[in-house]
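Residues per chain are reported as follows:
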Amino acid sequence: MAEASLAEVETSFQKFAVHGDTKATGKEMNGKNFAKMCKDCHIIDGKNVTTTDVDIVFSKVKAKLARVITFDQFNQALTELAPKRFKGKSKEEALQQLYGLVVGKEPANVGITKAAKAAAVDRLTDTAKYTGSHKERFDESGKGKGKAGREDIPDSSGYVAAYKGSGTYDEKVKDA
């Protein structure tokens with residue numbers, strides 16, 4: 001096994017080890033990230049190697065009370081998974097092919113949190129189709145009015161609400 005290959009595998013190990021954990025140093029990997037790495041690198045194929053196999057191998061190689069594995073334990077786990085993934089090949093050959101799958105890979109998180117674009121969602125979020133009290137919460141452009149759209153602001157003009165001739169009393173008194 002070439003030394004450069006092992007360094008590249010370690011780089012991928014570190015990238016997956018810090019994925020999703022702000023406090024991670026990259027020296028230890030937890031079970032969730034190990035399973036993610038196996039899935040993203042296509043070590044899990046659904047036939048020969050399943051997620052259950054990956055979890056079992058992780059539990060085997062980690063220390064008894066530990067929740068994480070080091071790079072050496074990671075190599076041991078790959079050594080156990082290689083013959084399962086590549087049946088009919090020698091252990092060394094299978095391990096090299098497994099390293100080939102891992103090298104240069106990063107955690108994939110593209111398209112995980114896409115917003116749903118369905119006709120039903122568009123219809124429900126179209127403010128032009130709102131009726132009743134909900135209609136009052138948005139202006140003509142569809143932008144929310146904020147607090148003014150949610151609360152009734154008292155009218156202290158002295159007129160009854162919705163009175164059509166509000167503000168005309170002074171003009172009537174002047175004319176008389």
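Not measured: the values here are computed from a predicted model.

Chemist: I keep staring at the overall build of the protein and nothing clicks. Help me out?
Modeler: Secondary structure summary: the protein contains 8 helices and 2 strands in total. Ordered by position from the N terminus, the helices and strands of the protein form the series α-β-α-α-β-α-α-α-α-α. A compact globule built from 176 residues should have a C-alpha radius of gyration of about 16 Å, whereas the protein, at 32 Å, is more than 25% larger. Its C-alpha atoms put the protein at 110 × 35 × 30 Å along the principal axes. Residue burial in the protein is summarised as follows: out of 176 residues, 25% are buried. When contacts within the protein are restricted to residue pairs at least 6 apart in sequence, those whose partners lie at least 24 apart make up 51%. Put simply, the protein shows about 12,600 Å² of open surface, and 52% of that area lies on carbon and sulfur atoms.

Chemist: Would you mind showing me how to read the nonpolar core here?
Modeler: In a soluble, globular protein the nonpolar side chains are often hidden away together inside. With 30 residues, the main nonpolar core has F34, M37, C38, I43, F74, L78 and L81 as its most contacted residues. Listed by contribution, the elements that provide at least two residues to this core are helix 1 (3–18), helix 2 (31–40), helix 3 (51–61), helix 4 (71–85) and helix 5 (91–102). Excluding residues within four positions of it along the chain, F34 makes contact with M29, V54, F58, I69, F74, A77 and L81.

Chemist: I keep staring at the packing of aromatic side chains and nothing clicks. Help me out?
Modeler: Aromatic ring pairs are described here by two measures, namely the spacing of the ring centres and the angle between the planes. Inspection of the entire model under this criterion finds 5 aromatic pairs. An aromatic cluster is defined as three or more aromatic residues linked by ring pairs; in this entry it consists of F13, F34, F58, F71 and F74. The lysine or arginine in question, R85, covers the ring of F86, its NZ or CZ lying 5.0 Å from the ring centre.

Chemist: Just to check I follow, could you spell out the environment of E8 for this structure?
Modeler: The topology assignment puts E8 in helix 1. With relative accessibility at 41%, the residue E8 sits in the partly exposed group. Taking C-alpha positions, E8 is 17 Å from A94, a pair spaced 86 residues apart along the chain.

Chemist: Before we go on, may I ask you to explain unusual backbone geometry in this structure?
Modeler: Trans peptide bonds make up most of the peptide bonds, and negative phi angles are found at most residues other than glycine. Positive phi, close to 60°, is recorded for H42, a residue that is not glycine. Its place among the elements puts H42 in the loop between helix 2 and helix 3.

Chemist: Even after reading the chapter, I still don't get helix 5, so can you show me in this structure?
Modeler: Count 3.6 residues to each turn of an α-helix, and residues three or four apart come out pointing the same way. With 12 residues, helix 5 should cover 16 Å at 1.5 Å per step; its first-to-last C-alpha distance of 17 Å lies within 8% of that length. All buried positions along helix 5 are accounted for by A94, L95, L98, Y99 and V102. Looking straight down helix 5, one finds its buried side chains confined to an arc of 140°; they lie on one side. Count one or two residues on from helix 5 and you reach G104, which has phi positive near 80°.

Chemist: Looking at this structure, I do not really get the pattern of salt bridges. What am I missing?
Modeler: Opposite charge on two side chains allows them to pair when their charged atoms are near. Summed over the entire model, instances satisfying the criterion amount to 5 salt bridges. The partner of R85 in a salt bridge is D45, with the nearest N and O atoms 3.8 Å apart. Linking R85 in helix 4 with D45 in the loop between helix 2 and helix 3, this pair joins segments that are 40 residues apart in sequence. Overall, the relative accessible area of 18% leaves R85 in the buried class. D45 gets classed as partly exposed once you look at its relative accessible area, which sits at 30%. With a closest N to O distance of 3.6 Å, K60 and E80 form a salt bridge.

Chemist: Explain the packing of helix 3 against helix 4 to me, please; I cannot follow it from the model alone.
Modeler: What describes two packed helices is the angle between their axes and the distance between those same axes. Between helix 3 and helix 4, the shortest axis-to-axis distance is 9 Å and the interhelical angle comes to 140°. Viewed along their axes, helix 3 and helix 4 adopt a mutual orientation that is oblique. As for how helix 3 packs across helix 4, the hand of that crossing is right-handed. Contact with helix 3, carried on its side by D53, V54, V57, K60 and V61, involves Q73, Q76, A77, E80, L81 and K84 of helix 4 and no other residues of that element. The class makeup of the residues in the contact of helix 3 with helix 4 is 5 nonpolar, 2 polar and 4 charged.

Basis of the calculations
- By convention here, each chain's residues receive numbers from 1 onward along its written sequence.
- Note on the predicted model: pLDDT of at least 70 is required for a residue's local features to be given, and 80 or more for side-chain atom pairs to be given and counted; whole-chain, interface and lining totals, by contrast, use all residues.
- Note: side-chain values were computed over all heavy atoms of the structure, leaving out hydrogens and water.
- Secondary structure elements are taken from DSSP: a helix is a run of H or I of four residues or more, a strand is a run of E of two residues or more, and numbering for both begins at the N terminus.
- Taken over C-alpha atoms, the radius of gyration is set against a globule rule of 2.2 Å times the number of residues to the power 0.38.
- Only protein chains enter the area calculation, which uses a 1.4 Å probe; residues under 20% of their type maximum are buried, those over 50% are exposed, and those in between are partly exposed.
- Contacts are assigned to residue pairs with any non-hydrogen atoms lying within 4.5 Å of each other.
- Calculation of accessible area relied on Shrake-Rupley with a 1.4 Å probe; when residues are assessed, cover is drawn exclusively from the protein chains displayed.
- Joining through side-chain atoms within 4.5 Å is the link that ties buried Ala, Val, Leu, Ile, Met, Phe, Trp, Tyr and Cys residues into a set, and such a set is a nonpolar core.
- Between rings of Phe, Tyr and Trp, where Trp is taken as its six-membered ring, a pair exists when centres lie within 6.5 Å; planes separated by under 30 degrees are stacked, by over 60 edge-to-face, and by other angles tilted.
- In this scheme, the term charge over a ring applies when either NZ of a lysine or CZ of an arginine sits within 6 Å of the ring centre and within 35 degrees of the ring normal.
- Given the number of residues in a helix, its expected span is that number minus one, multiplied by 1.5 Å.
- Working note: the arc is built from the helix axis to C-beta atom directions.
- One side-chain nitrogen of Lys or Arg within 4 Å of one carboxyl oxygen of Asp or Glu is enough to make a salt bridge.
- The axes are straight lines fitted to the C-alpha atoms, using for helices just the contacting stretch, and the angles between their N-to-C directions are given from 0 to 180°.
- Every angle not falling under 35 degrees, over 145, or within 65 to 115 is termed oblique; those three ranges are roughly parallel, roughly antiparallel and roughly perpendicular.
- Two helices crossing with the near one rotated counterclockwise from the far one by less than a right angle form a left-handed crossing, whereas a clockwise rotation gives a right-handed crossing.
- Under the scheme applied, nonpolar residues are Ala, Val, Leu, Ile, Met, Phe, Trp, Tyr, Cys and Pro; charged residues are Asp, Glu, Lys and Arg; polar residues are all the others, including Gly.

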